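So you can see what is in the structure, the chains are spelled out below.
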Amino acid sequence: MPVGLLVTISIVIIAAFGWLLNSLPGLLEFTSNIVSWCKGIFLQCFGYLLILKIFLIWSGMVAAGAGLLYGVARGIWDTMKANHAISALPKTDYGLGIILIKDDIQVAFTHGLLSPRVYISSGLIHSLNRHELNAVVLHELYHKRHRDPLRFLLLSVIKDTFFYIPLGRYLFGLLHSLQEKAADDAAVSAMNEPIGLASALIKIARSGCVALGPASIKGFGKGFGGVEVRVKRLIEGRDERLKLPGWKIIVSSLLAIGVIFLSLALPLYASISGHDHSICSKGHCPIYMNKMEQECKSHCKI
């Protein structure tokens, strides 16, 4: 190795060593200050996380409580409106749980929560032949036996309670359509032929009547087809392929469910893992535990 290069390397090493000895205390102090600053920022953020946790807990409880209040109020209001509309109709009760509506409107539905009854209008009776009328009555009697008005009301309350979960409307429509299909199948099974019910559905659809209750011959889950789908199913004897909701609805619903579940689970976790506040220690002052300033000392009486 040339003498000049060796001398140069030696001078650099000696200079670096001298700089290190002279600057090491300052470097250590600077590093310590940076670490303390970062730790303070972390602990401060930890305090913010506690605030965020409290906000999340209360926001979840408020959302769940407000949703439940809205769902129950909406269910009561819809029931009252239906009762008022039906009470204003001219009708005669001939017994056996079937009530005749003396009006030219063409409707057939099942109403009543604990003791449901079948309502059918004289206008619909006059527009249908015997087989079609039997199919409609059998359809509604299925709703009556299974207390579907009460089921639909409970499903509606649950849907409205979790109105912020888009998937709820899809599931409500799916369950509603399944019950309508079951009522169709019961009528077809009792008559041993589907043509009567299919023909009745077509005539009712053409009349443009409005269903007065969720358990109605015209009812079907929103977004799951209408009369065309039901008639095609009756004639062909098979269901169409179920259309799943879009990925945006699924993702947003999962996020909403996750947030609500987390916010409602946090109080339970806090009650299990919480500290005994009757015992004072550094654990009660996480933000100031690195400095133990007078504020924390006074609080914890250290």
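Going by the structure above, here's the rest.
Read on for a plain summary of the structure. (Residues numbered from 1 in each chain as written. Predicted model: local features only at pLDDT ≥ 70, side-chain atom pairs only at ≥ 80, totals over all residues. Heavy atoms only, no water.)

Here we look at the overall build of the protein chain
Tallying secondary structure elements over the protein chain gives 9 helices and 5 strands in all. Each helix and strand of the protein chain, ordered N terminal to C terminal, gives the series α-β-β-β-β-α-α-α-α-α-β-α-α-α. Intrachain contacts of the protein chain at a sequence separation of at least 6 include 62% that bridge at least 24 residues. A total accessible area of about 19,400 Å² is found for the protein chain, and carbon and sulfur atoms account for 69% of it. (Helix = DSSP H or I, 4+ residues; strand = E, 2+ residues; numbered from the N terminus. Contact = heavy atoms within 4.5 Å. Areas by Shrake-Rupley, 256 points an atom, 1.4 Å probe, with all protein chains shown as cover.)

Observations regarding the side chain of Q179
Residue position: Q179 is located in helix α5 (residues 167–191). When near neighbours in sequence (up to four residues on either side) are disregarded, Q179 contacts Y142, H143, D148, R151 and F152.

Quick look at the packing of helix α6 (residues 195–207) against helix α7 (residues 227–236)
The contact between α6 and α7 brings their axes to 9 Å, and the two run at 165°. One way to sum up the angle between α6 and α7 is to call them roughly antiparallel. Viewed along their axes, α6 and α7 form a crossing whose handedness is left-handed. Packed against α6, whose contacting residues are L197, A198, L201, I202 and A205, the element α7 presents V227, R230, V231, L234 and I235 at the interface. Its residues placed into classes, the contact of α6 with α7 shows 9 nonpolar, no polar and 1 charged. (Axes fitted to C-alpha atoms, helices over the stretch in contact; angles between N-to-C directions. Parallel < 35°, antiparallel > 145°, perpendicular 65-115°, else oblique. Left-handed = near helix turned anticlockwise from the far one by under 90°. Nonpolar A, V, L, I, M, F, W, Y, C, P; charged D, E, K, R; others polar.)

Focus: α5
Counted at 1.5 Å a residue, the expected span for α5 with its 25 residues is 36 Å, and the 37 Å between its end C-alpha atoms agrees. Positive backbone phi, at 60°, marks N192, one or two positions downstream of α5. (Expected span 1.5 Å × (residues − 1).)

Examining the packing of α5 against α7
Axis separation between α5 and α7 bottoms out at 11 Å; the angle between their running directions is 40°. What the angle tells us is that α5 and α7 run oblique. Judged by the sense of rotation from one axis to the other, the crossing of α5 with α7 is right-handed. Contacts between α5 and α7 involve E180, K181, D184, D185 and V188 on the former and, on the latter, R230, R233 and L234. Here the residues of the contact of α5 with α7 sort into 2 nonpolar, no polar and 6 charged.

Digging into unusual backbone geometry
Of note in the backbone geometry, R147 takes a positive phi value of approximately 50° without being a glycine. Among the structural elements, R147 can be located in the loop between α3 (130–145) and α4 (148–161). Accessibility expressed as a relative area gives 43% for R147, which makes it partly exposed. For N192, which is not glycine, the phi dihedral falls at a positive 60°. Turning to its location among the elements, N192 is positioned in the loop between α5 and α6. (Buried < 20%, exposed > 50% of the residue type's maximum accessible area, 1.4 Å probe, protein only.)

A closer look at the packing of aromatic side chains
This model, assessed by the stated rule, comprises 4 aromatic pairs. Note on Y70 and F163: the rings are 5.8 Å apart at their centroids and 75° apart in plane angle, and the pair reads as edge-to-face. With Y70 in helix α1 (residues 3–87) and F163 in the loop between α4 and α5, this pair connects stretches of sequence that are 93 residues apart. By relative accessible area, Y70 is classed as partly exposed at 37%. Judged by relative accessible area, F163 falls into the partly exposed class, the value being 48%. Taking 6.2 Å as the distance between ring centres and 80° as the angle between the ring planes, the aromatic pair formed by F162 and Y164 counts as edge-to-face. Pairwise contacts between aromatic rings join Y70, F162, F163 and Y164 into one cluster. Geometry around F172 places K159 over its ring, the cationic atom sitting 4.5 Å from the centre. (Phe/Tyr/Trp six-rings, centres within 6.5 Å; stacked < 30°, edge-to-face > 60°. Lys NZ or Arg CZ within 6 Å of the ring centre and 35° of its normal.)

A short note on the pattern of salt bridges
Going through the model one piece at a time under the given rule, you end up with 6 salt bridges. Two residues, K159 and D160, come together in a salt bridge whose shortest N-O distance is 3.9 Å. Residue R233 is joined to D185 by a salt bridge in which the shortest nitrogen-to-oxygen separation is 2.8 Å. Pair noted here: R233 is in helix α7 and D185 is in helix α5, with a separation of 48 residues, a long-range link. On the basis of relative accessibility, which here comes to 14%, the residue R233 falls in the buried class. (Salt bridge = Lys/Arg side-chain N within 4 Å of Asp/Glu carboxyl O.)

Quick notes on α3
Between its terminal C-alpha atoms α3 stretches 22 Å, which fits the 22 Å expected from 16 residues at 1.5 Å a residue. Two or three places before H131, at the start of α3, stands the capping residue N129, its side-chain oxygen 3.1 Å from that residue's backbone nitrogen. A positive backbone phi angle near 50° is found at R147, which sits one or two residues after α3. (Polar contact = N/O pair within 3.5 Å; in protein donor to acceptor, adjacent residues only side chain to side chain.)

A word on the pairing of strand β2 (residues 98–101)
Each regular strand shows side chains that alternate between the opposite faces of the sheet. Looking at chain direction, strand β1 (residues 91–93) and β2 are connected through 3 bridges and run antiparallel. Each residue of the ladder has a partner; that of T92, found in β2, is L100. Taking the residues between adjacent antiparallel strands as the criterion, β1 and β2 are bridged by 4 residues, where G95 takes a positive phi near 85°. Here β2 runs beside strand β4 (residues 117–121); their pairing, made up of 4 bridges, is parallel. Paired with I99 across the strands is Y119, a residue of β4. (Pairing = 2+ DSSP bridges.)

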